Amino acid sequence: MKRFCTTGPVDKQTCYYVERNEEMKKALEYIENYRYFTISAPRQTGKTTFLLDVVENIKDTFLPVFISFENLGSVTEEDDFIRIFQKKVEFFLESNLNQPINLKRIKKIAELDEYFMQLYEQTGKETVLMIDEFEMFGSERLVSNFLHTIREIYHGRKNKKLRSVILISVGYLSVVG
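Residues numbered from 1 in each chain as written. Predicted model: local features only at pLDDT ≥ 70, side-chain atom pairs only at ≥ 80, totals over all residues. Heavy atoms only, no water.

*Asks:* Any chance you could break down the sheet that holds strand β1 (residues 37–40) for me, citing the residues and the numbers?
*Replies:* Think of a sheet as strands paired side by side through backbone hydrogen bonds, with each pair either parallel or antiparallel. Strands sit in the order β1-β4-β3-β2 across an open sheet of four strands; the sheet is parallel. Single-partner strands in this sheet number two, and they are β1 and β2 (63–68). Taking each pair of neighbouring strands and ignoring which way they run, the sheet shows an average axis angle of 15°. Two strands pair when backbone bridges link them, and β1 and strand β4 (residues 162–169) are joined in this way by four bridges, in the parallel orientation. Paired with Phe-37 across the two strands is Ile-166, which belongs to β4. Most of the contacts of helix α5 (residues 140–155) go to β4, to which it runs at about 150°, and overall it touches β3 (127–132) and β4. (Pairing = 2+ DSSP bridges. Helix = DSSP H or I, 4+ residues; strand = E, 2+ residues; numbered from the N terminus. Axes fitted to C-alpha atoms, helices over the stretch in contact; angles between N-to-C directions. Contact = heavy atoms within 4.5 Å.)

Put into structure tokens, the structure is as follows:
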């Protein structure tokens, strides 16, 4: 017997779940066309479950990286942020995609393009970066630096190997388009 799930990503075998076919089609089209986009909705509305479905849909073609910024509210130093970011990416790839990663460490947000190019060299796939709980990123200075770097990478997206970025939040994000 299925039940309603209100505690996190939905287990489709045991919980009710409504497929979002039109939204999935649009998300996959955005990714295919090198688009960066946001998903904003209230808590417990299926954002994380939807993105996990995106991961399943693209993992044969692209390199999905799904991380959360939920615990980054107190991070104010760039070197702390970039170290945590790299650990989250590598943990996701190793634990969810069984993809061992051995990358040269970067030290600055401005070096993220090098990081994504390294991922491409190791996997042969362009990265689709999905960041859940983006609004929890506490430092306005670091958020700005991160978003400006992502924007710069976007301008050279076909050479930088960052296919798409999806920011997920519970509120409206007006910082990217």
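Having seen it, we continue.
*Asks:* Provide a residue-level description of the nonpolar core, including the pertinent values.
*Replies:* One recurring pattern in soluble globular proteins: nonpolar side chains tend to sit buried together. Grouped together as the largest cluster of nonpolar side chains are 52 residues, with contacts concentrated most on Phe-69, Phe-81, Phe-85, Leu-129, Met-130 and Phe-146. Broken down by element, the residue count for this core peaks at seven residues, all from helix α3 (residues 78–96). Among residues more than four places away in sequence, those in contact with Phe-85 are Ile-67, Phe-69, Leu-112, Tyr-115, Phe-116, Leu-129 and Phe-146. (Core = buried A, V, L, I, M, F, W, Y, C linked by side-chain atoms within 4.5 Å. Buried < 20%, exposed > 50% of the residue type's maximum accessible area, 1.4 Å probe, protein only.)

*Asks:* Could you give me a rundown of the packing of aromatic side chains, with the residues and numbers involved?
*Replies:* Per the counting criterion, the structure on display carries 15 aromatic pairs. Ring plane angle 80° and centroid distance 5.7 Å describe the contact between Phe-81 and Phe-146, whose orientation is recorded as edge-to-face. Of this pair, Phe-81 sits in helix α3 while Phe-146 sits in helix α5; the two residues are 65 residues apart in sequence, bridging distant segments of the chain. Centre to centre, the rings of Phe-134 and Phe-146 are 6.2 Å apart; their planes meet at 40°, and the pair counts as tilted. With Phe-134 in the loop between β3 and α5 and Phe-146 in helix α5, the pair connects residues that are 12 residues apart, well separated along the chain. Connected via pairs of aromatic rings, a cluster forms that spans Phe-69, Phe-81, Phe-85, Tyr-115, Phe-116, Phe-134, Phe-137 and Phe-146. Against the face of Tyr-30 rests Arg-35, its NZ or CZ located 4.8 Å from the ring centre. (Phe/Tyr/Trp six-rings, centres within 6.5 Å; stacked < 30°, edge-to-face > 60°. Lys NZ or Arg CZ within 6 Å of the ring centre and 35° of its normal.)

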